[in-house]
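Each chain, letter by letter, is given below.
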Amino acid sequence: MVELDSGFIQSIEHRPKPHSIEAQNIPLIDLSPLNSAADSASLSALAAEIGGACRDWGFFQVINHGVPPECREKVESASRKFFGLPETEKKAVCRDAANPFGYYDSEHTKNVRDWKEVFDFAVENPIVFPVWNERGDLELKELFNKWPQSFPQLREACEEHVAEMEKLVFKLLELVALSLGLPEDRFNTFFNNQTTRVRLNHYPPCPAPHLALGLGRHKDTGVLTILAQDDVPGLEVKRKTDGEWILVKPTPGAYIINVGDILQVWSNDEYESVEHRVVVNGEKERFSIPYFLYPAHYTFVEPLHELISEQNPAKFKGYNWGEFRATRNRGNFKRLDVENIQISHFRISTYTSDS
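Everything quoted here is computed from the prediction, not taken from an experiment.

Colleague: What am I meant to see in the nonpolar core here?
Modeller: In a soluble, globular protein the nonpolar side chains are often hidden away together inside. Among the nonpolar cores identified, the biggest contains 77 residues, and F119, L172 and F187 are the most heavily contacted of them. Tallying contributions element by element places helix α5 (residues 153–179) first for this core, with 12 residues. Not counting residues within four places of it along the chain, the set of residues in contact with L172 comprises L31, I50, F60, V62, L224, I226 and I257. I26, L227, I256 and V274 belong to the second largest nonpolar core, which has 10 residues in total.

Colleague: Explanation requested: the layout of surface pockets in the structure shown.
Modeller: Gaps between atoms show up when a probe of the same size as a water molecule is rolled over them. Size it by volume and the second largest pocket reaches roughly 260 Å³. Lining the second largest pocket are 18 residues; nearest its centre among them are R72, T251, P252, G253 and A254. At the level of secondary structure, the elements contributing two or more residues to the lining of the second largest pocket comprise α3 (69–83) and β12 (255–259). Ranked by the residues each element gives to the lining of the second largest pocket, the list is headed by α3, at 4 residues. Its residues assigned to classes, the lining of the second largest pocket comprises 8 nonpolar, 5 polar and 5 charged.

Colleague: Would you explain the sheet that holds strand β14 (residues 286–292) in this entry?
Modeller: In sheet architecture, strand pairing relies on hydrogen bonds along the backbone and comes in two forms, parallel and antiparallel. If you trace the 8 strands from one edge of the open sheet to the other, you get β1-β2-β12-β9-β14-β7-β4-β3, paired in mixed fashion. Each edge of the open sheet is held by one strand with a lone partner, namely β1 (28–30) and β3 (102–105). Adjacent strand axes in the sheet meet at a mean angle of 25 degrees when their direction is disregarded. In terms of strand pairing, strand β9 (residues 224–229) meets β12 through 4 bridges, oriented antiparallel. Bridge pairing links L224 to V259 in β12. Sitting on the sheet, helix α2 (residues 40–56) touches β1, β2 (59–63) and β12, and the angle it makes with β1 is about 165 degrees. Running over the sheet, α3 touches β3, β4 (117–122), β7 (197–203), β9, β12 and β14 and is turned about 120 degrees from β14.

Calculation notes
- Residues numbered from 1 in each chain as written.
- Predicted model: local features only at pLDDT ≥ 70, side-chain atom pairs only at ≥ 80, totals over all residues.
- Heavy atoms only, no water.
- Core = buried A, V, L, I, M, F, W, Y, C linked by side-chain atoms within 4.5 Å.
- Buried < 20%, exposed > 50% of the residue type's maximum accessible area, 1.4 Å probe, protein only.
- Helix = DSSP H or I, 4+ residues; strand = E, 2+ residues; numbered from the N terminus.
- Contact = heavy atoms within 4.5 Å.
- 1 Å grid on protein atoms, 1.4 Å probe; cavity = no way out; pocket = protein on both sides within 12 Å on 5 of 7 lines; lining within 4 Å.
- Points joined across faces, edges and corners; volume = space filled by probe spheres on them.
- Nonpolar A, V, L, I, M, F, W, Y, C, P; charged D, E, K, R; others polar.
- Pairing = 2+ DSSP bridges.
- Axes fitted to C-alpha atoms, helices over the stretch in contact; angles between N-to-C directions.

Spatial relationships are all this shows, so hold off on functional conclusions.
Shown next, in the form of structure tokens:
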């Protein structure tokens, strides 16, 4: 990681000091009914509980989710070992402007806005995805994951983790669909040729945690995010009721789920993608592993027709997911001094702000 120097201090002095409160945790939902032959009443109750969490918080935690503890332990251990590799080995698999997968940190991107280092990979390898070329045109390319040759165990652990996350995320999608009054398989076809990706995060101890953030305030662009985090708190969620930042207390063995922008659009604002950020620690390092569920690149994202009526008209114009994400990738890599593309740019003008 980049050293904390005067340039870093100058780049973050403009930030207000991170402030959050510890209050009630985000909702904790027990998925054990899914692990047996649950009756329709139990499933309906579980779906309603998830729907309430999506509506009121945009975040919730799940326990008794069916993911084997040894699978999670294996990928968390592999992540720690990867970030402990020499810099030369990590930077041998750096991402670049043409491929958003691989390793990067604040030094590599010539920006110290976020105090972290990460490793990204796609669930499907290769994936076909739009990329902005040097002429300023969007073209489809095959993108491949970049795995460190010196540490093959990383790929093995990550692929096992992905297999378990896919089982969990489709269970959650079925419950979300039911909570909206839709058939349980309503979302499934969007994920043929999915562009889902996974990120390994490492937040080293920061000498000036009151000045820095591990990750600034943002909303996730996808459908759902499943987050595995260690026992060091760092994730903060902006509470919808009063705008306060809530520091999420780690629950052993739980996964944290949050609504993404695509689900907000599909649900026509019934569920909202909520702002969140990551604070850093002056003494302890923190590790986390988010799984970002994304549809196929050719998906046209718009409010689902079943949820639109004369009383509840569409609140968003449709957009192409591949073009949207490619534009975000380009902005993230170049750290452009303009606002990156947001779903708010597609909000129909009658509705001037997020609910």
